[in-house]
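Below, each chain spelled out in residue letters.
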Amino acid sequence: MSVKKVGISIIGGGLMGREIAAALSRWSALIDHPVVPELVGVADINPAALEWFKTVPTVEILTTDYHDLLSDPRVDVVYVAVRHDLHEQIYTDVIRSGKSLLAEKPFGIDGKAADAIMQAVNETPESFVRCSSEIPFFPGAQWAINYIQSGALGQIIEARSSFLHSSDFDQEKAINWKRQVQFCGEAGVMNDLGMHAFHIPLRLGWKPSSVFAVLQNIVPQRPDGKGGIAECDTWDNATLHLSVPHKDKSATEETFPLTVEVKRIEPGEKNTWLLEVKGTKGGVRFSTKNPKTVEVFALVNVPGIGKEQSWQRIDAGSQSVWPTVTGGIFEFGFSDSILQMWAAFLAEREGQLGGKFGPALPEEAAFTHKIYAAAIASQEKQTVEKI
Ligand SMILES: NC(=O)c1ccc[n+]([C@@H]2O[C@H](COP(=O)([O-])OP(=O)(O)OC[C@H]3O[C@@H](n4cnc5c(N)ncnc54)[C@H](O)[C@@H]3O)[C@@H](O)[C@H]2O)c1
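Residues numbered from 1 in each chain as written. Predicted model: local features only at pLDDT ≥ 70, side-chain atom pairs only at ≥ 80, totals over all residues.

A. Spatial organisation of the environment of L39. On the secondary structure map, L39 appears in strand β2 (residues 35-43). With 24 C-beta atoms counted inside 10 Å, the residue L39 sits in the buried group. As for L39 and W177, which are separated by 138 residues in sequence, their C-alpha atoms are 27 Å apart. Look past the residues within four positions of L39 in its chain and what remains in contact with it is I8, A21, L24, V56, T58 and V59. (Helix = DSSP H or I, 4+ residues; strand = E, 2+ residues; numbered from the N terminus. Buried ≥ 20, exposed ≤ 12 C-beta atoms within 10 Å, placed from the backbone. Contact = placed C-beta atoms within 7 Å.)

Below you can see the structure in the form of structure tokens.
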């Protein structure tokens, strides 16, 4: 039986563009996937960035003008990984071309841009659109979702969802586009890391109704890379105290607290994503710091002692949303999460994801901008803001 081929192209051949090209080359690790993607084209305004893609044998189109990809019949799906100020124009162009789009977060530089992208989505139903967020595809994160959905928590007491790194700890590191409001957006670190932290809460139906935010610009100036100093005007760290209405109508409280932390300066953390949820009957936590391990809370009978509260550790293994040939006991990593996100994206595009977890929906990505706007207002006024 011949499997359907899907032509993929990339706009923006930088850090993420190369990562996606590498992930697609491992497609044969997936078992019984309905399609085989083939990276056929790459666009980048910087010709030097295109050089690396010459090593990918299936690539036929290398161009400095992304419109070439949108008019090419070999292209079915476009992945876009460019600066945030370019999202609105390029995403709407891709969507209106009728090609499918896997967009990078934050899905527009701000709420206005996200609204314009949503308008294109709503007006172009033939374009299948999702937003990138790969960390929830770690098996441990999937287990946490399954545990929460099983109802084992009882009434939720509180939740924490965080993405922490410390790439900006070095104050001598030169500025780049991600540290400037004009390119990254007023939401700063929330635009960079927020989608990762909100993907699972929003998918679980936890829609925050209010926020109190603590935003920090810890390093306001950086070397400009040319011997001078440049303004570094984005928020480095954001701690959001959110209230989430209980879905469970029998809950004794109306809301539960969700704390979302997204930080570029968290000393000691390289790329730590974590989710922790505690309830009246159970609890679950997973962190990429210990990517094999999921912890669940239980009341256990300890011989000779009696009934005690206990956090138990379980190894999660290698299997995520889409089955792979990888042995079940082996370890899972960042590049596996990218492969799994693409497996889910292309299966969902074929209508064959079967209710399993998929990349962020356009509505979820657009909603994060409402949270960020309320967080910025909260920081300015030192108030709790409605979302
Ligand atoms: N999902 C993740 O884990 C993750 C991680 C990092 C970044 N990102 C997101 O990916 C996007 C890109 O980030 P990055 O780190 O890859 O950036 P990058 O700076 O490494 O790469 C961006 C590339 O886009 C190219 N470019 C700029 N304008 C262009 C245009 N008009 N047409 C074609 N190419 C153009 C640049 O030359 C550059 O090569 C951002 O939205 C960012 O938030 C996602």
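Past the structure itself, the notes keep going.
B. Examining the pairing of strand β7 (residues 156-164) more closely. Both β7 and strand β13 (residues 272-279) contribute to a ladder of eight bridges, which runs antiparallel. When the bridges of β13 are listed, S161 appears paired with L275. Pairing analysis gives six bridges linking β7 to strand β12 (residues 255-263), with the strands arranged parallel. Opposite F163, over in β12, you have V262 as the bridge partner. (Pairing = 2+ DSSP bridges.)

C. Spotlight on the pairing of strand β4 (residues 77-80). Alternating residues of β4 divide into V77 and Y79 and V78 and V80, and every residue in both groups is buried. Relative to β4, strand β1 (residues 4-11) runs parallel, the two being bridged by four bridges. Pairing of I11 across the sheet is with V80, part of β4. Sheet analysis places β4 next to strand β5 (residues 100-103), joined by four bridges and oriented parallel. Within β5, the residue paired with V77 across the bridge is S100. The handedness of the β4 to β5 crossover, carried by helix α4 (residues 87-96), is right-handed. (Right-handed = clockwise from strand over helix to strand, strands pointing away.)

D. Representation of the sheet that holds β4 within the structure. Strand order in the open sheet made by the six strands is β3-β2-β1-β4-β5-β6, with parallel pairing throughout. Of all the strands in the sheet, just β3 (61-63) and β6 (129-131) have a single pairing partner and so form its edges. Averaged over all pairs of adjacent strands, the angle between their axes in this sheet comes to 25°, without regard to strand direction. (Axes fitted to C-alpha atoms, helices over the stretch in contact; angles between N-to-C directions.)

E. Main features of the sheet that holds strand β8 (residues 210-216). Pairing in this open sheet of nine strands is mixed, and the strands run β16-β15-β14-β13-β7-β12-β11-β8-β17 from one edge to the other. Because the sheet does not close on itself, it has two edges, and the strands there are β16 (306-315) and β17 (385-386). Inspection of the sheet shows strand β14 (residues 283-287) paired to strand β15 (residues 293-302) by four bridges, in the antiparallel sense. Paired with F286 across the two strands is V294, which belongs to β15. Along the sheet, helix α6 (residues 139-149) contacts β13, β14 and β15; its crossing angle with β14, the most-contacted strand, is approximately 165°.

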